[in-house]
2 protein chains.
Amino acid sequence: MVTIREVAAHAGVGAGTVSRVLNDSGHVSPATRARVLDAIEALHYRPNPLARGLSRGRGQTIGVIVPFFTQASAIERLRGVVAALDGSPYDLVLFDVESPTHRAEHMATLTRQRADGLLVMTLPVRADDLHRLADTGMAIVLVDSSHDGFPAVVTDDVAGGRMAAEHLLALGHRDIGFIGDAPDNPFGFTSSAQRELGFRQAHDDAERVVREDLVHHGAHQRDVGYALAGRMLAGDEPPTAIVCCSDMQAVGAMEAARDTGLSVPDDVSVVGFDDIELAAHVGLTTVRQPLYRSGELGARLLLEALGAHPPEPGVHELDLELVTRTSTAPPGVRR
Amino acid sequence: MVTIREVAAHAGVGAGTVSRVLNDSGHVSPATRARVLDAIEALHYRPNPLARGLSRGRGQTIGVIVPFFTQASAIERLRGVVAALDGSPYDLVLFDVESPTHRAEHMATLTRQRADGLLVMTLPVRADDLHRLADTGMAIVLVDSSHDGFPAVVTDDVAGGRMAAEHLLALGHRDIGFIGDAPDNPFGFTSSAQRELGFRQAHDDAERVVREDLVHHGAHQRDVGYALAGRMLAGDEPPTAIVCCSDMQAVGAMEAARDTGLSVPDDVSVVGFDDIELAAHVGLTTVRQPLYRSGELGARLLLEALGAHPPEPGVHELDLELVTRTSTAPPGVRR
DNA sequence: TTGAAAGCGTTACCAC
DNA sequence: GTGGTAACGCTTTCAA
């Protein structure tokens, strides 16, 4: 590999001068600058990012920690991140987290030198981990979670849960099922609990009682939605509508309905959460989360924090929006 | 930040000894080893990967270069990569390529120190770039493209094109449209051309003539499929079936059919390519590509090449498979 | 404007 | 087994 010293020798200058040219640090005469540039070209010189990083104390990388890279919603957020980072001088390193152990490992080995900035997606992270990292000078932005003192991009999940329930209540539904994350899930995700809260508030406001026997919990996967919805629909007093905390669960619920011989939305309405691409294709009414934009904004905030500008510790709230499609309708007259 | 020297001082040993403990290089007495470990724990020491990388000449990172991170098929491949890399000591850095310029930039700045290994997905890369990189000792694996002397994971696109066409010909279709990549697309993708070749071979074998007026080219996007299929279907002698080179194009084609007042598959059959998740949901008959597995295998091969084992330059071919769903049927009797 | 040299934190080699 | 000490390739003072 060709080093800066060889370039310097070739150009008849010192290594420092080459460095100055490389980094546009100024104070280099046009003539020498040209000679150096020629030498770089002639020798096909490429700076060694490791050496540069060691010397400067930063490696020009941004870490993105994503839970469940396998899930469509995670991908959608990441798309926004990739788009925002395009053209920036930072490399994107991906940390996938599929289990709490995973998360702990990453947090343990993460250091300032491993990443100049960190984008934490969705995952609740321990406050001491966050502060330890921040204290070493790492820039941190939270997306879809929040912590005092850290810039964050969030949505109002309570409002989201409300939207879903209000839509169904307004249509005339009274027996509404709910499928969300377990409140004591191993990662400590809270958004689902928030949505459930909103779901309950909407009932209260409408002076309706939540059918507690129709409130179930499980992971954000299709088979989970299928199983839980299937059980509800097979019960004695089945719901006329079901709210799910993810589109994948909702798609599973729709399949369960069909497999039970019920039609959507005639016999049972289904509402999802996220608005992933699939939702439009299956006509799912859902609470749209600005997934792409949250990733994009998070990355932009991180770049800002990494820049000379003062880091903005503000919490940026993005709006949720109910998208009405064909999976919801007034309760059927048949029953 | 706490350095190896401070740990050494704390433990009352030399820096070299700490390093040996860190890397399990042996030749350290259990007693000193314990003292060092204690010091590490007490000081919360974490090795600086930049320094380590500079010293060792490798940064423990794998670069993945992915065209169109925005496309479902790219994501699916990446999922396999992430899964295969999980648990390995390598960090995954993502290079998204959305344009030939992008590609050139990445190839220009890529060096051995930027990534120990490189996984090139789908993208045709210039031979000299490949060799330059390989010459510096970078391990390289190609997924969905190939080059002499490089390990690669491929599929038989000609066979894939054949499958699609044979399926439709066997159903009795005679006027079959084809939508693929432009042969002179800016990236130099060739898989679509291969599929077209297979499509033609199937016609030849069945002693059928390809309806050249129904062969069109465009990008792998839904709107492209929509536009091209719409044009075909509005023509004087519309096709009774259409083969698309991606599922997104196929979904667009299905939409075009519906918007033209045609039903799928009664009036027109549609075949896609890839079998992304969406395909199952819309009942699309498609040629399944082992996307996930190709990424996974590619990553595994790369890890192998990075290990002590001899790098396997073999080409690994993964099988394509026709998945029959409800978007194809014999040509309608109505016409 | 420029060159020389001192780090940056590790690893790895060489004596002891 | 262990400590000392060159590298690794770059940036950044500090003089000149």
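Analysis parameters
Each chain carries its own residue numbering, running from 1 in the direction its sequence is written. For this description, chains carry letters from A and ligands carry numbers from 1, given in the order in which they are written. Selection of residues for local features in this predicted model requires a pLDDT of at least 70, selection of side-chain atom pairs for listing and counting requires 80 or more, and totals for whole chains, interfaces and linings are taken over all residues. Hydrogens and water are ignored here; the side-chain numbers use all heavy atoms of the structure. The superposition of copies rests on a least-squares fit of C-alpha positions from residues with pLDDT of 70 or more in both. Within this scheme, the nonpolar core is defined by two criteria: the residues are buried Ala, Val, Leu, Ile, Met, Phe, Trp, Tyr or Cys, and they are joined through side-chain atoms within 4.5 Å. Three exposure classes are used, based on accessible area relative to the maximum for each residue type with a 1.4 Å probe and protein chains only: buried under 20%, partly exposed in between, and exposed over 50%. Pairs of residues are marked as contacts when any of their non-hydrogen atoms sit within 4.5 Å. Accessible-area loss on putting two parts together, using a 1.4 Å probe and summing over both, is the definition of buried area adopted here. Two N or O atoms form a polar contact when they lie within 3.5 Å of each other; inside protein one atom must be a possible hydrogen donor and the other a possible acceptor, and for residues adjacent in sequence the pair counts only when both atoms belong to side chains. By the criteria applied, helices consist of DSSP H or I runs no shorter than four residues and strands consist of E runs no shorter than two, each listed in order from the N terminus. For this classification, Asp, Glu, Lys and Arg are treated as charged, while Ala, Val, Leu, Ile, Met, Phe, Trp, Tyr, Cys and Pro are nonpolar and the rest, including Gly, are polar. Put simply, a residue is near a molecule or strand once any heavy atom of it comes within 4 Å of that molecule or strand. By definition, the arc is the one covered by directions from the helix axis to the C-beta atoms. UniProt positions are given in the numbering used here, feature names are shortened, and annotations may be inferred rather than shown by experiment. When DSSP locates at least two bridges between a pair of strands, those strands are taken to pair.

Caption draft 1: Representation of the relation of the copies chain A and chain B in the model. Expressed as a screw transformation, the operator carrying chain A onto chain B has a rotation angle of 180 degrees and an axial translation of 0.0 Å, and the superposed copies differ by an RMSD of 0.0 Å. One copy is carried onto the other by what is essentially a two-fold rotation axis. Residue A:Val93 of chain A places its C-alpha closer to the rotation axis than any other residue of that unit, at 2.1 Å.

Caption draft 2: A look at the nonpolar core. Judged by nonpolar contacts, the single largest core of 51 residues is most densely connected at A:Val64, A:Leu119, B:Val64 and B:Leu119. The contacts of A:Val64, once residues within four sequence positions are left out, are A:Leu78, A:Val81, A:Leu92, A:Val93, A:Leu94, A:Phe95, A:Leu119 and A:Met121. A:Leu110, A:Phe189, B:Leu133 and B:Met138 belong to the second largest nonpolar core, which has 42 residues in total.

Caption draft 3: Just the interface of chain A and chain B, in detail. Listed by partner, the interface residues are 39 residues for chain A and 39 residues for chain B. When the two sides are added together, the surface that chain A and chain B hide from each other amounts to roughly 3,300 Å², 65% of it contributed by carbon and sulfur. Across the chain A-chain B interface, the total number found is twelve residue pairs in polar contact (both at pLDDT 80 or more). Those elements giving two or more residues to the side of chain A that touches chain B turn out to be α4 (49–56), α5 (72–85), β2 (91–97), α6 (100–109), α11 (247–259) and α12 (277–281) of chain A. Residue contributions to the side of chain A that touches chain B peak at six residues, all from β2(A). Residues that form the side of chain A that touches chain B fall into these classes: 19 nonpolar, ten polar and ten charged.

Caption draft 4: Region of interest: the protein's contact with DNA strand C. As a matter of local geometry, DNA strand C sits amid 27 residues, with A:Thr17, A:Thr32, B:Ile4, B:Tyr45 and B:Ser55 nearest to it. A distance of 3.0 Å separates a base oxygen of DNA strand C from a polar atom in the side chain of A:Arg20. A:Ser29 places a main-chain nitrogen or oxygen 2.8 Å from a phosphate oxygen of DNA strand C. Of all the secondary structure elements, the ones that give two or more residues to the surface near DNA strand C are α2 (15–22) and α4 of chain A together with α1 (4–11), α2 (15–22) and α4 (49–56) of chain B. The element contributing the most residues to the surface near DNA strand C is α4(B), with four residues.

Caption draft 5: Expanded view of helix α7 (residues 127–135) of chain A. Residues and elements named next belong to chain A. Turning to α7, its buried residues are Asp129, Leu130 and Leu133. Considered in projection along α7, the buried side chains sweep an arc of 100 degrees and stay on one side of the axis. Residues of α7 that are buried in the fold lie against α6, β3 (117–121) and β4 (139–143). One or two positions beyond α7, positive phi appears at Gly137, with a value near 95 degrees.

Caption draft 6: Seen up close, the UniProt feature "domain: HTH lacI-type" (unreviewed entry) in chain A. Per the UniProt record, "domain: HTH lacI-type" (unreviewed entry) is annotated on residues 2–56 of chain A. Counting secondary structure, residues 2–56 of chain A comes out at 69% helix and 0% strand; the distance between its end C-alpha atoms is 20 Å.

Caption draft 7: Spotlight on the side chain of A:Thr122. All names here are of chain A. Tracing the backbone through its elements, the reader meets Thr122 in the loop between β3 and α7. Residue classification places Thr122 among the buried residues on the basis of a relative accessible area of 19%. Only 3.4 Å separates the side chain of Thr122 from the side chain of Arg77, close enough to count as a polar contact. The residues touching Thr122, leaving out its near neighbours within four places in the chain, are Pro67, Arg77, Val143, Asp144, Ser145 and Phe189.

Caption draft 8: Region of the structure containing the pairing of strand β6 (residues 176–180) of chain A. Residue and element names in this part refer to chain A. Of all the five residues making up β6, five are buried; the element is thus mostly covered by neighbouring parts of the structure. Along β6, one buried face is formed by Ile176, Phe178 and Gly180 and the opposite face, lined by Gly177 and Ile179, is buried too. The pairing of β6 with strand β8 (residues 241–244) spans four bridges and is classified as parallel. Following the sheet pairing, Gly177 is matched in β8 by Ile242. Where β6 lies against strand β7 (residues 215–217), three bridges are found, and the strand directions are parallel. Note on β7: the bridge partner recorded for Ile179 is His216.

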